[in-house]
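Chain residues, written in single-letter form:
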Amino acid sequence: MITVFDRPEALTSAKTHYCPGCTHGIIHRLVAEVIDELGVREETIGVSPVGCSVLAYNYFNLDMQQAAHGRAPAVATGIKRVHPQKIVFTYQGDGDLAAIGTAEIVHAAARGENITTIFVNNAIYGMTGGQMAPTTLLKQVSVTSPQGRDAAPQGYPIRVSEMLATLDGPAYIARVSVHTPQEVSKAKKAIMTAFEYQMAGIGFTLVEILSTCPTNWGCTPRESLRWLVDNMIPVYPLGVKKMVEGVKV
């Protein structure tokens, strides 16, 4: 019998802790597939965040380093500078990256650090109970915005990819989603490009991935996919936000 679909070598066989309908598992697999296809598993070091993916080190079958909340880009910077030949990536949620870790991601991007960030945006704090995040949409209900997010006291959602794309340091920034098979394919291509840019030594790369959180959104897994399309994509449009031209990867 021929095996046509199997677990990537870069993933362990551990059962994940993610809620039903959460798309972290899909994103983990895409990252692992890219690492396997590039043949760099033994040369890759990942940095785990604090948040829903805090246990990422249990799921990726490669060297992993745990970072304090929001500090993954700083940790990744240190690792890459000590081991410049390694492939280094951070895997971060919107609370970790866009709130407590804002300074770290902005300055890593501004310096053009030759690392890759996988940024998972589900518009809410997942692990800690569904509080409002920097990416929470206007009028979106959360534990800390029970009447819906109001711009007057709480500000507007932060579009991280567009913000970082204004800097000179980043070489490749894209926003993708994983709500359909077609979009999953596009997301994998973006992740592949980000890793290829790093391998070519071009500079900082980031792929923002819109993800679902059925538990804290208060909907079923199927409803969460529709909610993402109807509500998140209009605020966070998909596409490449910055790409250094004329570069061979």
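Here the structure is shown first, and the text comes after it.
Computed from a predicted model, the values in this text were never measured in an experiment.

Draft legend 1. View of the sheet that holds strand 2 (residues 63–66). Spatially, 2-1-3-4-6-5-7 is the arrangement adopted by the seven strands of the open sheet, whose pairing is mixed. Each edge of the open sheet carries a strand with a single partner, namely strand 2 and strand 7 (239–243). Across this sheet, the average inter-strand angle for adjacent strands is 15°, counted without regard to direction. As paired elements, strand 1 (residues 44–48) and strand 2 share four bridges and run parallel to each other. Note that in strand 2 the partner of Ser 48 across the bridge is Gln 66. Contacting strand 1, strand 2 and strand 3 (87–93), helix 3 (residues 72–82) crosses the sheet at an angle of about 175° to strand 3.

Draft legend 2. Fine view of the packing of helix 3 against helix 5 (residues 102–110). The contact between helix 3 and helix 5 brings their axes to 7 Å, and the two run at 40°. For the element pair helix 3 / helix 5, the angle class is oblique. Residues Pro 73, Ala 74 and Thr 77 of helix 3 form the contact with helix 5, whose own contacting residues are Glu 104, Ile 105 and Ala 108. For the contact of helix 3 with helix 5, a count of residues per class yields four nonpolar, one polar and one charged.

Draft legend 3. Geometry of the side chain of His 28. Along the polypeptide, His 28 turns up in helix 1 (residues 24–38). Among the residues examined, His 28 registers a relative accessible area of 2% and is labelled buried. For His 28, the residues in contact, after removing those within four places along its chain, are Leu 11, Tyr 18, Ala 56, Tyr 59, Phe 60 and Tyr 91.

Draft legend 4. Geometry of the layout of surface pockets. By volume, the largest pocket amounts to about 210 Å³. Forming the boundary of the largest pocket are 17 residues, of which Val 50, Gly 51, Cys 52, Gly 95 and Gly 126 lie nearest the centre. Taken together, the residues of the lining of the largest pocket break down into six nonpolar, nine polar and two charged.

Draft legend 5. Here's a closer look at the packing of helix 1 against helix 8 (residues 181–199). It is the contact of helix 1 with helix 8, at a shortest axis distance of 9 Å, that shows an interaxial angle of 45°. In terms of their interaxial angle, helix 1 and helix 8 are classed as oblique. Crossing angle aside, the handedness with which helix 1 passes helix 8 is right-handed. Along its contact with helix 1, which presents Ile 26, Leu 30, Val 31, Glu 33, Val 34, Ile 35, Glu 37 and Leu 38, the element helix 8 presents Val 184, Ala 187, Lys 188, Ile 191, Met 192, Phe 195, Glu 196 and Met 199. When grouped by side-chain class, the residues that make up the contact of helix 1 with helix 8 number 12 nonpolar, no polar and four charged.

Draft legend 6. A look at a nonpolar patch on the surface. A contiguous nonpolar surface patch, about 430 Å² in accessible area, is contributed by Ile 2, Val 4 and Phe 5. Here Ile 2 lies in the segment before helix 1. Under the relative-accessibility criterion, Ile 2 is labelled exposed at 73%.

Each value, and the rule that gives it
- In this numbering scheme, every chain counts its residues from 1 along its sequence in written order.
- In view of the model being predicted, local features appear only for residues whose pLDDT reaches at least 70, and side-chain atom pairs are presented and counted only at 80 or more, with totals across whole chains, interfaces and linings using the full set of residues.
- Side-chain calculation: all heavy atoms of the structure are included, whereas hydrogens and water are not.
- Strands were regarded as paired on the criterion that DSSP finds at least two bridges between them.
- For the purposes of this entry, the term helix denotes a DSSP run of H or I that reaches at least four residues, the term strand denotes a run of E that reaches at least two, and both are numbered from the N terminus.
- In this analysis, axes come from line fits to C-alpha atoms, helices being fitted only over the stretch in contact, and the angle between any two N-to-C directions falls in the range 0 to 180 degrees.
- Every residue pair with non-hydrogen atoms within 4.5 Å of one another is taken to be in contact.
- Between 65 and 115 degrees an angle is taken as roughly perpendicular, under 35 as roughly parallel, over 145 as roughly antiparallel, and anywhere else as oblique.
- Each residue gets one label: Ala, Val, Leu, Ile, Met, Phe, Trp, Tyr, Cys and Pro are nonpolar, Asp, Glu, Lys and Arg are charged, and the others, such as Gly, are polar.
- For every residue, the accessible area obtained with a 1.4 Å probe (protein chains only) is divided by the maximum for its type, and the residue is called buried under 20%, exposed over 50%, and partly exposed between those limits.
- Two kinds of site are reported from a 1 Å grid over the protein atoms alone, namely cavities, where a 1.4 Å probe fits but cannot get out, and pockets, open sets with protein on both sides within 12 Å along at least five of seven lines, and residues are called lining when an atom falls within 4 Å of a point.
- Grid points are joined across faces, edges and corners, and a volume is the space filled by probe spheres set on the points.
- In this scheme the handedness of a crossing depends on how the near helix is turned from the far one: anticlockwise by less than a right angle means left-handed, clockwise means right-handed.
- Nonpolar side chains (Val, Leu, Ile, Met, Phe, Trp, Tyr) within 5 Å and like charges within 9 Å form the patches, drawn only from residues with over 30% relative accessible area and no salt bridge.
- For the area figures, the Shrake-Rupley method with a 1.4 Å probe applies, and any residue is considered shielded solely by the protein chains shown.
- Here, a salt bridge means any side-chain nitrogen of Lys or Arg that lies within 4 Å of a carboxyl oxygen of Asp or Glu.

Everything listed here is a matter of geometry and, on its own, says nothing about what the molecule does.
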